[in-house]
Amino acid sequence: MSKTRETILEIDLGALEHNYHFMRSKINGDIKFMAVVKAFAYGNDATKIAKKLSKLGVDYFAVAYVDEGVALRKGGIEKPILVLHPQSINFEKIIENCLEPSIYSEFVLREFIKTAEQLDQKNYPIHLKLNTYLNRLGFSEDDLEKVFTKLATTDSIKITGVFSHLAASEDWKEREFTLQQLNLFRKLAFTITEKLGYQPLLHLSNTSAIINYPEAAFHMVRSGIGLYGFGNDPEIDKQLKPIGTLKTIISQIHHLKEGATVGYNRAFKVTEDTKMATIPIGHADGINRQYGNGRAGVYVNGKYAPIIGNVCMDMIMINISGIECEEGDEVIIFGGPQHVTKFAYNGNTISYEVITEHFTTC
Ligand SMILES: *Cc1c(COP(=O)(O)O)cnc(C)c1O
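All values derive from a computational prediction rather than experimental measurement. Every chain's residues receive numbers from 1 upward, in the order its sequence appears when written. The predicted origin of the model limits local features to residues at a pLDDT of at least 70 and limits the giving and counting of side-chain atom pairs to 80 or more, whereas totals for whole chains, interfaces and linings rest on all residues. With hydrogens and water set aside, each side-chain value is computed from the structure's full complement of heavy atoms.

Help me understand the domain arrangement of the protein chain in this model?
Often, the extent of an interface is quoted as the loss of accessible area on bringing the components together. Domain segmentation is taken from an automatic or database assignment of domains. Taken domain by domain, the protein chain holds domain 1 (12–237) and domain 2 (244–357). Domain 1 and domain 2 are separated by 38 Å when their C-alpha centres are compared. Residue contacts are counted whenever heavy atoms from the two residues lie within 4.5 Å of one another. Between domain 1 and domain 2, the contact holds nine residues from the first and eight residues from the second. Taken together, the two surfaces of domain 1 and domain 2 that pack against each other cover about 770 Å², and 62% of this comes from carbon and sulfur. Accessible area, probed at 1.4 Å, shrinks when two parts are joined; the buried area is that loss added up over both. Area buried by domain 1 at its contact with domain 2 is led by Tyr42, Ile225 and Phe230, which between them contribute 55% of it. One speaks of a salt bridge when a side-chain nitrogen belonging to Lys or Arg is within 4 Å of a carboxyl oxygen belonging to Asp or Glu. Seen at the junction of domain 1 and domain 2, the total is zero salt bridges. Distance and chemistry together define a polar contact, namely a pair of N or O atoms within 3.5 Å, with one atom able to donate a hydrogen and the other to accept it when in protein, and with adjacent residues in sequence counting only for side-chain atoms on both sides. In this assembly, domain 1 and domain 2 are joined by one residue pair in polar contact (both at pLDDT 80 or more). What counts as a helix is a DSSP run of H or I of at least four residues, what counts as a strand is a run of E of at least two, and both are numbered from the N terminus. Those elements that provide at least two residues to the side of domain 1 that touches domain 2 are helix H2 (38–43) and helix H10 (225–228). Counting residues per element, the side of domain 1 that touches domain 2 draws most heavily on H2, which supplies three residues.

The structure is reproduced here in structure tokens:
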């Protein structure tokens, strides 16, 4: 039992390796694999995760923002890195760090070409982002003619990839919509390929699409959540291994009698003798108020301890009645006996949100 630190996120690189092999096994060997390591590799540690995945043979990485890509380069990552949501203010940095921007609008295309020309670039790799009914980022079918007109004016950039993103690949009720997205992507991507006269990398699938729509893999897939151990499906969850365990320790224990109350707004009222503990993690660390008042709990020495009262900024109080434990003992927020999916469900959210929320404590 570690008593050296208050709150830590333990990362199991062996589990990451297992998940990578599982996801990889779902696609043909000649299809490239892009690991999505945005948001600190979903709240883990992007450089550490990317280093391990590089060794395992991942072909590409994706981040959301330019500075995340710069951090990976500083950490020694040499594989291609796609920046999903670059801002024009950072375009020089993109080129200086050999990052590949997603080009999603005419403004971004114009500005990126300007920077590439200023820096004397030839055939600088970019990925064209298509909007296929998600309506977040990307060119629509009607924009493509203008894109080609603009491209004809320069040899500073080259379309290395063409991609889009699915809205509901994990949801079988939305299968028809997903197939419409897939069909539109196929149509637009093939038109673009024909116009270019060479084959760019086409990529569409995220984790759930890799599993549910093998026909959508094209030349490369993009996986995030699966690598971290979650499959948006109980059957897939069983075959993956969550890589993170968020742990803390008991700060103080109180023995309360009937009539006492716990925490802000006296939200927990003691109705029988209660043993409770205070732990050093709170809503500033992503354990939000929605988990309070018994809606979620943590594990102490293998036993479930519900959160009592309101979640505080840096602390939570838990009911440890009947659990043998002492101050300084380890508490597991998620990982081990506590599956993130269950914790997320209790807080009305999804695994993606739970695991990415713990930057301040890692
Ligand atoms: C985050 C993201 C992914 C990864 O999705 P998962 O469901 O975590 O596999 C893939 N593509 C894009 C464009 C994304 O933003």
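Just checking my understanding: could you explain the pairing of strand E15 (residues 297–300) for this structure?
Along a regular strand, successive side chains alternate from one face of the sheet to the other. In this scheme, a residue with accessible area under 20% of its type's maximum is buried, one over 50% is exposed, and one in between is partly exposed, where area comes from a 1.4 Å probe on protein chains only. By the alternation rule, side chains of E15 split into Gly297 and Tyr299 and Val298 and Val300, which are all buried. Criterion used throughout: strands pair if DSSP finds at least two bridges between them. By the bridge criterion, four bridges tie E15 to strand E16 (residues 303–308) in an arrangement that is antiparallel. Across the sheet, the residue bridging to glycine 297 is proline 306, located in E16. Between E15 and E16, which follow one another and run antiparallel, lie two residues, and asparagine 301 among them has a positive phi close to 45°. In terms of strand pairing, E15 meets strand E18 (residues 330–334) through two bridges, oriented antiparallel. From the neighbouring strand, valine 300 faces E18, where its bridge partner is valine 331.

Honestly, the site of the ligand in this entry has me stumped. Any pointers?
We define proximity as follows: a residue is near a molecule or strand when any one of its heavy atoms falls within 4 Å of that partner. Near the ligand, the surroundings consist of 13 residues, among which Lys38, Tyr42, Thr207, Ile225 and Tyr352 are the closest. Glycine 224 places a main-chain nitrogen or oxygen 2.9 Å from an oxygen atom of the ligand. Tyrosine 352 places a polar side-chain atom, nitrogen or oxygen, 2.6 Å from an oxygen atom of the ligand. Per-residue and other accessible areas were derived by the Shrake-Rupley procedure at a 1.4 Å probe size, with only the shown protein chains allowed to occlude residues. Against a free-state accessible area of 390 Å², the protein chains account for coverage of 94% of the ligand. Placement of the ligand is best described as lying within the largest pocket. Sorting the residues of the shell around the ligand by element identifies H2 and strand E9 (220–223) as the ones contributing at least two each. Polar here means any residue outside two lists: the nonpolar Ala, Val, Leu, Ile, Met, Phe, Trp, Tyr, Cys and Pro, and the charged Asp, Glu, Lys and Arg; Gly therefore counts as polar. Of the residues in the shell around the ligand, the class split is five nonpolar, five polar and three charged. Cavities and pockets were defined on a 1 Å grid built from protein atoms only: a cavity is a group of points that admits a 1.4 Å probe but offers it no way out, a pocket is an open group of points flanked by protein on both sides within 12 Å along at least five of seven lines, and a lining residue is one with an atom within 4 Å of any such point. Cavities and pockets are treated as containing a molecule whenever more than half of the molecule's atoms lie within 2 Å of their grid points.

Explanation requested: the environment of isoleucine 332 in the structure shown.
With respect to the helices, strands and loops of the structure, isoleucine 332 is situated in strand E18. Between the alpha carbons of isoleucine 332 and valine 300 there is a distance of 6.5 Å; along the sequence they are 32 residues apart. Not counting the four nearest positions on each side in its chain, isoleucine 332 is found in contact with Thr245, Leu246, Lys247, Val298, Tyr299 and Pro337.

Would you take a moment to explain the packing of aromatic side chains for this structure?
Centre distance and the angle of the planes are the two values used to describe a pair of aromatic rings. In this analysis, rings of Phe, Tyr and Trp, with Trp reduced to its six-membered ring, are considered paired at centre separations within 6.5 Å, and the interplanar angle assigns stacked below 30 degrees, edge-to-face beyond 60, and tilted for intermediate values. Under the criterion given, the structure shown has 10 aromatic pairs. Between tyrosine 42 and tyrosine 228, the ring centres sit 4.7 Å apart and the planes meet at 35°, which makes this aromatic pair tilted. Taken together, the positions of tyrosine 42 in helix H2 and tyrosine 228 in helix H10 put the pair 186 residues apart, joining distant regions of the chain. Each member of the pair, tyrosine 42 as well as tyrosine 228, is classed as buried. With 5.5 Å between their ring centres and 65° between their planes, tyrosine 299 and tyrosine 304 make a pair best called edge-to-face. Here tyrosine 304 falls in the partly exposed class, since its relative accessible area comes to 34%. Aromatic ring contacts, followed pair by pair, group Tyr42, Tyr228 and Tyr352 into a single cluster.

What's the story with the side chain of glutamate 100 in this structure? I'm lost.
Looking at the element boundaries, glutamate 100 is found in strand E5 (residues 100–103). Salt bridges are absent for the buried glutamate 100, whose nearest opposite-charge side chain, arginine 73, sits at 6.4 Å. Within polar-contact distance, the side chain of glutamate 100 engages the side chain of tyrosine 60 at 2.6 Å. Setting aside residues no more than four positions away along its own chain, glutamate 100 makes contact with Tyr60, Pro80, Ile81, Leu82, Val83, Pro125, His127 and Thr160. Under the counting rule used here, the positive set is Lys and Arg, the negative set is Asp and Glu, and His together with the chain ends is not counted.

Looking at this structure, how should I read the pattern of salt bridges?
Oppositely charged side chains can pair when the atoms bearing their charge come close. This model, assessed by the stated rule, comprises 12 salt bridges. A salt bridge links lysine 93 to aspartate 67; the nearest nitrogen and oxygen atoms lie 2.7 Å apart. Within this pair, whereas lysine 93 is found in helix H5 (residues 91–96), its partner aspartate 67 is found in helix H4 (residues 66–74), the two being separated by 26 residues in sequence. Classification of aspartate 67 as partly exposed rests on a relative accessible area of 46%.

Mind showing me how you'd approach the layout of surface pockets here?
Think of a ball as big as a water molecule: rolled over the atoms, this probe shows where empty space is left. Grid points are joined across faces, edges and corners, and a volume is the space filled by probe spheres set on the points. Considered as a void within the structure, the largest pocket measures approximately 840 Å³ in volume. In terms of lining residues, the largest pocket is bounded by 37 residues, among which Lys38, Tyr42, His165, Asn206 and Tyr352 are the most central. The dominant element in the lining of the largest pocket, judged by the number of residues it contributes, is helix H12 (residues 340–346), at three residues. Each of domain 1 (12–237) and domain 2 (244–357) contributes no fewer than three residues to the lining of the largest pocket. Of the voids in this model, the second largest pocket is the one considered here, and its volume is about 150 Å³. Taken together, Val37, Phe40, Asn44, Asp45, Ala46, Thr47, Glu68, Ala71 and Leu72 make up the full set of residues lining the second largest pocket. Those elements giving two or more residues to the lining of the second largest pocket turn out to be helix H3 (46–56) and H4. If one sorts the elements of the lining of the second largest pocket by residue count, H4 sits on top with three residues. Among the residues making up the lining of the second largest pocket, the classes are represented as five nonpolar, two polar and two charged.

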